[in-house]
Amino acid sequence: GFVYLVAAHLGTAVLIVMFIVLGQAWGSYDFGGPGSAALRVSLIFVLALAGFGVKAGFVPLHVWLPEAHPAAPSHVSALMSGVMIKTGVYGLVRVLTLIGPPQAWWGWVLIGIGVTSGVSAALHALAQRDMKRMLAYSSVDNIGIIMIGLGCGVLGMALNMPVMSVCGFGGALLHVLHHALFKGLLFFGAGAVVHATGVRSLEKLGGLARRMPWTGALCCTGALAMAAVPLLNGFASEALIYLSALQGMQQNGVHALPALAALAGLALTGGLAAACCAALYGVAFLGEPRSEAADQAREAGRCMRMPMLVLACLCVLTGMAPPLTLMLCEPALTALTGAL
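Note that the structure is a prediction, hence the values are computed from the model and not measured. (Residues numbered from 1 in each chain as written. Predicted model: local features only at pLDDT ≥ 70, side-chain atom pairs only at ≥ 80, totals over all residues. Heavy atoms only, no water.)

Undergrad: Tell me what's going on with the packing of aromatic side chains, and back it up with residues and numbers.
TA: Summed over all chains, the structure comprises five aromatic pairs. Consider the rings of Phe 45 and Trp 105, whose centres lie 5.9 Å apart with planes at 90°: the pair is edge-to-face. Highlighted residues: Phe 45 in helix H2 (residues 41-56) and Trp 105 in helix H6 (residues 104-126), separated in sequence by 60 residues. With relative accessibility at 1%, the residue Phe 45 sits in the buried group. Taking the relative accessible area as the measure of exposure, Trp 105 reaches 35% and is therefore partly exposed. (Phe/Tyr/Trp six-rings, centres within 6.5 Å; stacked < 30°, edge-to-face > 60°. Helix = DSSP H or I, 4+ residues; strand = E, 2+ residues; numbered from the N terminus. Buried < 20%, exposed > 50% of the residue type's maximum accessible area, 1.4 Å probe, protein only.)

As structure tokens, this is what we get:
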């Protein structure tokens, strides 16, 4: 809690400076004031990236996230990972709609942050033995995927490539929603496991699929969604970001490099995330119990199973019909892409 308190205050201090600069450029502190921020857009972008980046938790501003999420109760962890860190993404997207046409190097920076966050966080997640700490690092990994999508969208805007822009922004916004669903499901599942066994260490679990069949099946659905298996929602949003990066590869010259980095980074992140999901589910739910607590585990009660069931159904529904959720993002897409 103390680590998060310090990080949040530092991020807020940066945001206050950003709003002061933005207000001076506009001549008003109302959003969309009468003035122009054109002369200071790069400074405003950097300040927004730093301030909202602390809230979103991407690398290297993620130091609080692996500490705070495991310490919270599981239902609070689900709220923090699924909703709270997305306010950082919302803030950054909102600033992008306010400061006018983006510059190409912004896309480079966002893609670089996304690739770094995705790959490094997935590697850290694989090394964890605490279920909730592994899921916390996975949240940083998924924020990286969202940043890659935003970077591709910004780059498409700067290069006047509408398909790249819309697919990038659309994939990022979809992943914001989809990650809230499957990560909430997995944190609820981790809470059910902790409630049944009293332990979070993967090394002391095992064999829970036979003792907790409902929880095991629902957590398997969440793990498959996080691994971006087709017909589940993780695949739908990542596929749009892939399409955006492939569109960027058609660009001649140096601007094809960030699109190539986005493709490679997203592929590597996806592979590592799939390995992480296999480790999480396989070690905790398959095999034989490795402790007395795991051997004596019993299925969670109905009140704990129902929220997981609702989220699992939503993961399947939004994965099989992604245009339905994309329609929810249409106003934000229109605000981001403007004339495109």
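Still more ground to cover, so stick around.
Undergrad: Account for empty space enclosed by the protein, with residues named and values stated.
TA: Overall, the coordinates contain one cavity of 30 Å³ or more when judged by the stated rule. Of the voids in this model, the largest cavity is the one considered here, and its volume is about 60 Å³. Looking at the lining of the largest cavity, the elements that each hand over two or more residues are helix H7 (131-158), helix H8 (162-197), helix H10 (213-226) and helix H12 (256-285). Across the lining of the largest cavity, the residue classes break down as nine nonpolar, one polar and no charged. (1 Å grid on protein atoms, 1.4 Å probe; cavity = no way out; pocket = protein on both sides within 12 Å on 5 of 7 lines; lining within 4 Å. Points joined across faces, edges and corners; volume = space filled by probe spheres on them. Nonpolar A, V, L, I, M, F, W, Y, C, P; charged D, E, K, R; others polar.)

Undergrad: Lay out the environment of Cys 329 with the relevant residues and their values.
TA: Mapped onto the secondary structure, Cys 329 falls in the loop between helix H15 (322-328) and helix H16 (330-337). Accessibility expressed as a relative area gives 9% for Cys 329, which makes it buried. Sequence-wise, Cys 329 and His 9 are 320 residues apart; in three dimensions their C-alpha atoms are separated by 30 Å. Once residues lying within four places of it in the same chain are set aside, the contact partners of Cys 329 are Leu 173 and Leu 174. (Contact = heavy atoms within 4.5 Å.)

Undergrad: Please set out a nonpolar patch on the surface residue by residue, giving values where relevant.
TA: Together, Val 46, Trp 105, Trp 108, Met 249, Val 254, Leu 257 and Leu 260 make up a nonpolar patch on the protein surface, roughly 610 Å² of accessible area in all. Those elements that place two or more of their residues in the nonpolar patch are H6 and H12. Structurally, the position occupied by Val 46 is in helix H2. Taking relative accessible area as the criterion, Val 46 reaches 41% and is therefore assigned partly exposed. (Patch = residues over 30% accessible without salt bridge, like charges linked within 9 Å, V, L, I, M, F, W, Y side chains within 5 Å. Areas by Shrake-Rupley, 256 points an atom, 1.4 Å probe, with all protein chains shown as cover. Salt bridge = Lys/Arg side-chain N within 4 Å of Asp/Glu carboxyl O.)

Coordinates in, geometry out; function isn't part of it.
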